[in-house]
Amino acid sequence: MQKTVVRPAKAAPALGPYNHGIRVGDLLFCAGQIPVDPASPQAPFPADVRSQTERVLENIRLILEDQGLGFAQVVKSTVFMVNLGDRKSTRLNSSHGYISYAVFCLKK
């Protein structure tokens, strides 16, 4: 099976030695995203978790749209958080209720 590297022109540049995604047949595997704004990649990340979440979801949307997909085609996503208490602030359930996701809490 052929693997195709995905590097959307509208997405922020990768901040490491990785690609935004890999396409294998009809499947798209996206790399983890951070709240980098493509319009100003050197700018600091948003301070609050809600704005960070919105930026990350927007970055994922850019990758999906580059491949002719949308959030309705997402099967699973994983969310990593430092403070599990911030989960309610992200509004993932209300704004993206059709996404199945697992939440993992990382120690500070």
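Asks: Would you mind going over helix H1 (residues 49–66) in detail, with residue names and values included?
Replies: Helix length check: H1 (18 residues) gives 26 Å between terminal C-alpha atoms against 26 Å at 1.5 Å per residue, within 8%. Among the residues of H1, Val49, Thr53, Arg55, Val56, Leu57, Asn59, Leu62, Ile63 and Leu64 are the ones counted as buried. At the C-terminal side of H1, glycine 68 shows a positive phi close to 75 degrees.

Asks: Break down the sheet that holds strand E1 (residues 3–6) for me, citing the residues and quoting the values.
Replies: Within a beta sheet, neighbouring strands are joined by backbone hydrogen bonds and run either parallel or antiparallel to one another. Read across the open sheet, the three strands follow the order E1-E2-E3; overall the sheet is antiparallel. In the strand order of this sheet, the two ends are held by E1 and strand E3 (27–30), each with one partner. Averaged over all pairs of adjacent strands, the angle between their axes in this sheet comes to 25 degrees, without regard to strand direction. Looking at chain direction, strand E2 (residues 21–24) and E3 are connected through four bridges and run antiparallel. Bridging across to E3, valine 24 finds its partner in leucine 27.

Asks: Run through empty space enclosed by the protein, naming residues and quoting values.
Replies: Scanning the model with the defined rule gives one cavity of 30 Å³ or more in all. By volume, the largest cavity amounts to about 90 Å³. Every residue lining the largest cavity is listed: Ala11, Ala12, Pro13, Leu15, Tyr18, His20, Gly32, Gln33, Ile34, Val36 and Asn59.

Asks: An account of the pattern of salt bridges is requested, with residue identities and associated values reported.
Replies: Any two side chains of opposite charge can pair, so long as their charged atoms come close to each other. Enumeration according to the criterion identifies four salt bridges in this entry. A salt bridge links arginine 61 to glutamate 58; the nearest nitrogen and oxygen atoms lie 2.2 Å apart. Note that arginine 61 and glutamate 58 are positioned in helix H1 at a spacing of three residues, about one turn of the helix. Arginine 61 sits in the partly exposed class, given a relative accessible area of 26%. Residue classification places glutamate 58 among the partly exposed residues on the basis of a relative accessible area of 27%. Here glutamate 65 makes a salt bridge to arginine 61, at a shortest N to O gap of 2.4 Å. With glutamate 65 and arginine 61 both in helix H1 and four residues apart, the pair spans about one turn of that helix. Since its relative accessible area comes to 45%, glutamate 65 is described here as partly exposed.

Criteria and thresholds
Residues numbered from 1 in each chain as written. Predicted model: local features only at pLDDT ≥ 70, side-chain atom pairs only at ≥ 80, totals over all residues. Heavy atoms only, no water. Helix = DSSP H or I, 4+ residues; strand = E, 2+ residues; numbered from the N terminus. Expected span 1.5 Å × (residues − 1). Buried < 20%, exposed > 50% of the residue type's maximum accessible area, 1.4 Å probe, protein only. Pairing = 2+ DSSP bridges. Axes fitted to C-alpha atoms, helices over the stretch in contact; angles between N-to-C directions. 1 Å grid on protein atoms, 1.4 Å probe; cavity = no way out; pocket = protein on both sides within 12 Å on 5 of 7 lines; lining within 4 Å. Points joined across faces, edges and corners; volume = space filled by probe spheres on them. Salt bridge = Lys/Arg side-chain N within 4 Å of Asp/Glu carboxyl O.

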